[in-house]
Number of protein chains: 2
Amino acid sequence: MKRGLLITFEGGEGAGKSTVIAAARTALDRRAVAHLDTREPGGTPFAEGVRALVLDPAHENLCAEAELLAVFAARAQHVWAVIAPALAIGKWVISDRYTDASYAYQGGGRGQPIERIAELERWAAFGLKPDRTFLLDVAVEEGLRRTRARGGTADRMEREDGRFFERVREAYLARAEAEPERIVRLDAGRAPEVVAADVVAEMDRLVERWRAGEA
Amino acid sequence: MKRGLLITFEGGEGAGKSTVIAAARTALDRRAVAHLDTREPGGTPFAEGVRALVLDPAHENLCAEAELLAVFAARAQHVWAVIAPALAIGKWVISDRYTDASYAYQGGGRGQPIERIAELERWAAFGLKPDRTFLLDVAVEEGLRRTRARGGTADRMEREDGRFFERVREAYLARAEAEPERIVRLDAGRAPEVVAADVVAEMDRLVERWRAGEA
């Protein structure tokens, strides 16, 4: 059986991930590609429990080391119990955030050393890298404006200030620069529907190459 | 201000830790040594949340990597927010389990590599080692007999089989052999009150040396 592809979506606050991910799912449905849709931190009962702890504003004094280990604990279970088994039986997996988010948030945002994150990626994410990553890049100001317009209660990450999100964005852009083959950077300052059209076109190409045995 | 001492208690199921720890606390109270009593995994709201997730029998398929990272996430927050600040203001800290438990349970029990645990100890436990550790050593059969007699619902760790606990015990004994200056191994096959008397005698010696500036 042909292994499925792991497609991840990354980006800061207000980048429009939800709209774009929905379009990507529809693109796979239209081409009858079986897929599993998930998110990080989360994706298993244990990992969703960790997510709730990490995002709870009550834990505002959470140290950077604890946060990094917690998201990788969730990720280990997610990869082991959900993502890897799905890929193995030929399903595609669409994940709202994955390891690049740790480089951006816990690395860029919180200042945890990159080598530390890379080491955790090797054994705690079982070395599993995405086949394609879409980075929705938007100016921090614009992203925060959209988030505020959306309303709702801000979680522990969303309560960070603009400088934190600037560091997150820079770390994401550095990732995209270092791995241009895997990471597709998209200008998410445009309307989400326009960004979604770019993603759908790339997904269509990926499906064709995958069916032809080239991906 | 003189830094307090970190005293940890380790041992498998049914080793009689509760009785012995209560006696150790009383010994410090009698000598008017301010102390903070805590446990692992746990000791902060975030870490107690992680403990609940890790011990929940509903997460029976938790992989060893996720378990190891989760207990160290809890430990990072515990050391950073609770243990280190208490020691810094001269309090002693008495903890029911600490890093040796990770070598025993996640290392010996689950087979996670020792170097991986040592690396996490370096940065996620901020290199903080106990000043004295009491290892309550009891034969696995006897410990499990006591646990069963106590009744109650078994958590995810307690549901493991005898071979698991044999590996945990062996790992604990290897720790004691490697660090005889720090780890005091006690024959916990005896009545808990008898074991407690040994601990109290050692605690009294420690307090004297600490007051004299030797510990």
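Residues numbered from 1 in each chain as written. Chains lettered and ligands numbered in written order. Predicted model: local features only at pLDDT ≥ 70, side-chain atom pairs only at ≥ 80, totals over all residues. Heavy atoms only, no water.

**Q** Looking at this structure, how should I read the overall build of chain A?
**A** A count of helical and extended segments in chain A gives 8 helices and 5 strands. Over its C-alpha trace chain A gives a radius of gyration of 17 Å, about what one expects of a compact globule, namely 17 Å for 215 residues. Each of the 215 residues in chain A was classed as buried or not, and the buried ones make up 56%. The contacts in chain A between residues at least 6 apart in sequence include a share of 83% that link residues at least 24 apart. With an accessible surface of roughly 9,100 Å², chain A has 51% of that area assigned to carbon and sulfur atoms. Charged side chains of chain A number 32 positive and 35 negative; the gap between the two group centres comes to 3 Å. (Helix = DSSP H or I, 4+ residues; strand = E, 2+ residues; numbered from the N terminus. Rg over C-alpha atoms; globule rule 2.2 N^0.38 Å. Buried < 20%, exposed > 50% of the residue type's maximum accessible area, 1.4 Å probe, protein only. Contact = heavy atoms within 4.5 Å. Areas by Shrake-Rupley, 256 points an atom, 1.4 Å probe, with all protein chains shown as cover. Lys, Arg positive; Asp, Glu negative; His and termini not counted. Charge placed at Lys NZ, Arg CZ, Asp CG, Glu CD.)

**Q** Would you mind showing me how to read the relation of the copies chain A and chain B here?
**A** Superposition of the two copies of the chain requires a rotation about an axis and a shift along the axis. If you rotate chain A by 180° and push it 0.0 Å along the axis, it lands on chain B with an RMSD of 0.0 Å. Considering both components of the superposition, the chain copies are consistent with a two-fold axis. When you check the interface residues of chain A against chain B, 100% turn up at the interface there too, and the contact is symmetric in its surfaces. (Least-squares fit on C-alpha atoms with pLDDT ≥ 70 in both.)

**Q** Teacher, can you tell me more about unusual backbone geometry here?
**A** Keep in mind that most residues, glycine aside, have a negative phi and that most peptide bonds are trans. The linkage connecting Glu40 of chain A with the following residue, Pro41 of chain A, adopts the cis geometry, with an omega of -15°. Within the chain, Phe126 of chain A stands out as a residue other than glycine whose phi angle is a positive 55°. Counting through the fold element by element, Phe126 of chain A comes out in the loop between α5 (114-124) and β4 (132-137). The partly exposed category is assigned to Phe126 of chain A, whose relative accessible area is 35%. For Arg97 of chain B, which is not a glycine, the phi torsion comes out positive at approximately 80°.

**Q** Is there a simple way to explain helix α6 (residues 140-150) of chain A in this structure?
**A** Along an α-helix, residues three or four apart share an orientation, since each turn contains 3.6 residues. Residue and element names in this part refer to chain A. Listed in full, the buried residues belonging to α6 are Val140, Gly143, Leu144, Arg146 and Thr147. Within α6, the buried residues cover an arc of 160° as seen down the axis, which keeps them to one side. Opposite its buried face, α6 presents the exposed residues Glu141, Arg148 and Ala149, each directed more than 90 degrees away. Where α6 is buried, its residues contact α7 (162-178). (Arc of directions from axis to C-beta.)

**Q** Just to check I follow, could you spell out the environment of Arg31 of chain A for this structure?
**A** Residue and element names in this part refer to chain A. For Arg31, the position within the fold is in the loop between α1 (17-30) and β2 (35-39). Sequence separation between Arg31 and Val207 is 176 residues, and the spatial gap between their C-alpha atoms is 8.0 Å. Residue contacts for Arg31: discarding those within four places in its chain leaves Asp204, Val207, Glu208 and Arg211.

**Q** Help me understand the pattern of salt bridges, please; the structure alone is not making it clear to me.
**A** All names here are of chain B. A complete count under the given rule lists 52 salt bridges over all chains for this structure. Salt-bridge contacts for Asp37 lead to Arg25; the nearest nitrogen and oxygen are separated by 3.5 Å. Of this pair, Asp37 sits in strand β2 (residues 35-39) while Arg25 sits in helix α1 (residues 17-30), and the two are 12 residues apart along the sequence. Classification of Asp37 by relative accessible area gives partly exposed; the value is 34%. Note on Arg25: relative accessible area 30%, which makes it partly exposed. (Salt bridge = Lys/Arg side-chain N within 4 Å of Asp/Glu carboxyl O.)

**Q** Would you take a moment to explain the interface of chain A and chain B for this structure?
**A** Interface size is commonly expressed as the accessible surface area that is lost when the partners come together. Every contact between the two is made by 27 residues of chain A and, on the other side, 27 residues of chain B. For the pair chain A and chain B, the two sides together bury roughly 2,200 Å², of which 80% comes from carbon and sulfur. Taken together, the connections running from chain A to chain B amount to 0 salt bridges. On the surface where chain A and chain B come into contact, there are 4 residue pairs in polar contact (both at pLDDT 80 or more). If you list the elements that add at least two residues to the side of chain A that touches chain B, you get α2 (45-55), α3 (64-88) and α5 of chain A. Counting residues per element, the side of chain A that touches chain B draws most heavily on α3 of chain A, which supplies 11 residues. (Buried area = accessible area lost by both parts, 1.4 Å probe. Polar contact = N/O pair within 3.5 Å; in protein donor to acceptor, adjacent residues only side chain to side chain.)

**Q** Hey, could you run me through the pairing of β4 of chain A in this one?
**A** Put simply, side chains in a regular strand alternate between the two faces of the sheet. Residue and element names in this part refer to chain A. Taken across its 6 residues, β4 has 6 buried, putting it largely inside the fold. Covered by surrounding structure in β4 are Arg132, Phe134 and Leu136 together with Thr133, Leu135 and Asp137, the residues of both alternating faces. As paired elements, β4 and strand β5 (residues 183-187) share 5 bridges and run parallel to each other. Across the sheet, Thr133 pairs through a bridge with Ile183, a residue of β5. (Pairing = 2+ DSSP bridges.)

**Q** For this particular structure, what's the right way to read the sheet that holds β2 of chain A?
**A** For sheets, the rule is that strands pair by backbone hydrogen bonds, running either parallel or antiparallel. Residue and element names in this part refer to chain A. The 5 strands lie next to each other as β2-β3-β1-β4-β5, forming an open sheet whose pairing is parallel. Since the sheet does not close on itself, it has two edges, and those belong to β2 and β5, each with one partner. Averaged over all pairs of adjacent strands, the angle between their axes in this sheet comes to 20°, without regard to strand direction. Where α1 meets the sheet, its contacts fall on β1 (6-11), β2, β3 (92-96) and β4, and the angle it forms with β3 comes to roughly 170°. (Axes fitted to C-alpha atoms, helices over the stretch in contact; angles between N-to-C directions.)

**Q** Honestly, helix α7 (residues 162-178) of chain B in this entry has me stumped. Any pointers?
**A** All names here are of chain B. Spanning 17 residues, α7 covers 24 Å between terminal C-alpha atoms, matching the ideal 24 Å at 1.5 Å per step. Looking only at α7, the buried set comprises Phe164, Phe165, Val168, Ala171, Tyr172, Arg175 and Ala176. Buried residues in α7, looked at end-on, bunch into an arc of 140°, giving them a common side. In α7, the exposed positions angled more than 90 degrees off the buried face are occupied by Arg163, Glu170, Glu177 and Ala178. Where α7 is buried, its residues touch β1 (6-11), α4 (99-109), α5 (114-124), β4 (132-137), α6 (140-150) and β5 (183-187). (Expected span 1.5 Å × (residues − 1).)

**Q** Can you walk me through the packing of aromatic side chains in this structure?
**A** Aromatic rings considered in pairs are described by the distance between their centres and by the relative angle of their planes. Under the counting rule described, the total for this entry stands at 10 aromatic pairs over all chains. Between Trp92 of chain B and Trp210 of chain B, the ring centres sit 5.4 Å apart and the planes meet at 90°, which makes this aromatic pair edge-to-face. Residue Trp92 of chain B is found in strand β3 (residues 92-96), and its partner Trp210 of chain B is found in helix α8 (residues 192-211); the two are separated by 118 residues along the sequence. With a relative accessible area of 0%, Trp92 of chain B lands in the buried category. Ring centres of Tyr105 of chain B and Tyr172 of chain B lie 6.3 Å apart, and the angle between their planes is 85°; on these two criteria the pair is classed as edge-to-face. Of this pair, Tyr105 of chain B sits in helix α4 while Tyr172 of chain B sits in helix α7; the two residues are 67 residues apart in sequence, bridging distant segments of the chain. In this pair, the class of Tyr105 of chain B matches that of Tyr172 of chain B, namely buried. Put simply, the rings of Tyr105, Phe164, Phe165 and Tyr172 of chain A touch in pairs and so form one group of aromatic residues. (Phe/Tyr/Trp six-rings, centres within 6.5 Å; stacked < 30°, edge-to-face > 60°.)

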